[in-house]
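Summary of the model geometry
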Amino acid sequence: EAGVTQFPSHSVIEKGQTVTLRCDPISGHDNLYWYRRVMGKEIKFLLHFVKESKQDESGMPNNRFLAERTGGTYSTLKVQPAELEDSGVYFCASSQDAKSRNEQFFGPGTRLTVL
Amino acid sequence: SQKIEQNSEALNIQEGKTATLTCNYTNYSPAYLQWYRQDPGRGPVFLLLIRENEKEKRKERLKVTFDTTLKQSLFHITASQPADSATYLCASRAGGYNKLIFGAGTRLAVHP
């Protein structure tokens, strides 16, 4: 069974540019999550999709971040325009049943560097 | 606000010894706690989940305890091996939502 995949693995952009991160969850997982870890801090929640609907986007830092999950399969996270403080590792995770058990399967992450 | 705290200092132990990592939570009462392992350049990997009504959970060389009085979970690795060297993260669901909140993680180094 393929795990959660993320693309790209690394991205280096300049301040003001746009970057789009992609996440492919495990097949059949309705729940998809985005998290972020900035340097020296803990992993923090960004948002949660159930199929194509945003269930919880309370962790999105501001309106420069836009997440989509058209068709309820893969998801994209766009940062536009990117700022220096957006640098960090962005993780995507998916889970099957969000009610009784919350084991989440994480992708390898996308390391974003904003110069 | 809900918070999970882990000892940010690295834990260095000798191969064969038992490693014990601590996770403390404040300002809420999680229904369960999870432990994840993270290796450099990789995402967290789920290890164990323990519910609030379970005092102890075991899986092979791993043991997790949950003390709701102390608001603490302990994670033990017995007969530790160099391959156990990694960062270990404590996490729980925040409130009624499915998002996880994480501690900062404790880096474990097992020396031969």
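See the structure above.
Heads up: these notes are all about the structure in this document. (Residues numbered from 1 in each chain as written. Chains lettered and ligands numbered in written order. Predicted model: local features only at pLDDT ≥ 70, side-chain atom pairs only at ≥ 80, totals over all residues. Heavy atoms only, no water.)

Quick word on the environment of A:T113
Residue and element names in this part refer to chain A. For T113, the position within the fold is in strand β11 (residues 110-114). Sequence separation of T113 and H10 is 103 residues, and the distance between their C-alpha atoms is 7.9 Å. Apart from the residues lying within four places of it in its own chain, the contact partners of T113 are S11, V12, I13 and S87. (Helix = DSSP H or I, 4+ residues; strand = E, 2+ residues; numbered from the N terminus. Contact = heavy atoms within 4.5 Å.)

As for the nonpolar core
B:I4, B:W35, B:F75, B:I77, B:Y88 and B:L108 are the most contacted members of the largest nonpolar core, which totals 24 residues. Counting only elements with at least two residues in this core, the list comes to β3 (19-26), β4 (32-38), β5 (45-51), β7 (62-67), β8 (72-77), β9 (86-93) and β11 (106-111) of chain B. With 4 residues, the top contributor of residues to this core is β3(B). Sequence-distant contacts of B:I77, defined by excluding residues within four places in its chain, comprise B:K17, B:T18, B:A19, B:R61, B:L62, B:D84, B:Y88 and B:L108. One finds A:I13, A:V19, A:A67 and A:L77 within the second-largest nonpolar core, a separate group that totals 21 residues. (Core = buried A, V, L, I, M, F, W, Y, C linked by side-chain atoms within 4.5 Å. Buried < 20%, exposed > 50% of the residue type's maximum accessible area, 1.4 Å probe, protein only.)

Focus on the pairing of β11(A)
All names here are of chain A. Residues of β11 alternate between two faces, with T110, L112 and V114 buried on one and R111 and T113 left unburied on the opposite face. In terms of strand pairing, strand β2 (residues 10-13) meets β11 through 4 bridges, oriented parallel. Among the inter-strand pairings, I13 is bridged to a residue of β11, identified as V114. Pairing of strand β9 (residues 88-95) with β11, which is carried by 3 bridges, proceeds in the antiparallel orientation. Looking at the pairing, Y90 lines up with T110 of β11. (Pairing = 2+ DSSP bridges.)

Side note on the interface of chain B and chain A
Taken together, the contact between chain B and chain A spans 19 residues of the former and 20 residues of the latter. With both sides pooled, the region where chain B packs onto chain A buries about 1,700 Å², and carbon together with sulfur makes up 51% of that total. Taken together, chain B and chain A are joined by 0 salt bridges. On the surface where chain B and chain A come into contact, there are 6 residue pairs in polar contact (both at pLDDT 80 or more). For the side of chain B that touches chain A, the secondary structure elements donating two or more residues are β4, β5, β9 and β10 (100-102) of chain B. Ranked by the residues each element gives to the side of chain B that touches chain A, the list is headed by β4(B), at 4 residues. (Buried area = accessible area lost by both parts, 1.4 Å probe. Salt bridge = Lys/Arg side-chain N within 4 Å of Asp/Glu carboxyl O. Polar contact = N/O pair within 3.5 Å; in protein donor to acceptor, adjacent residues only side chain to side chain.)

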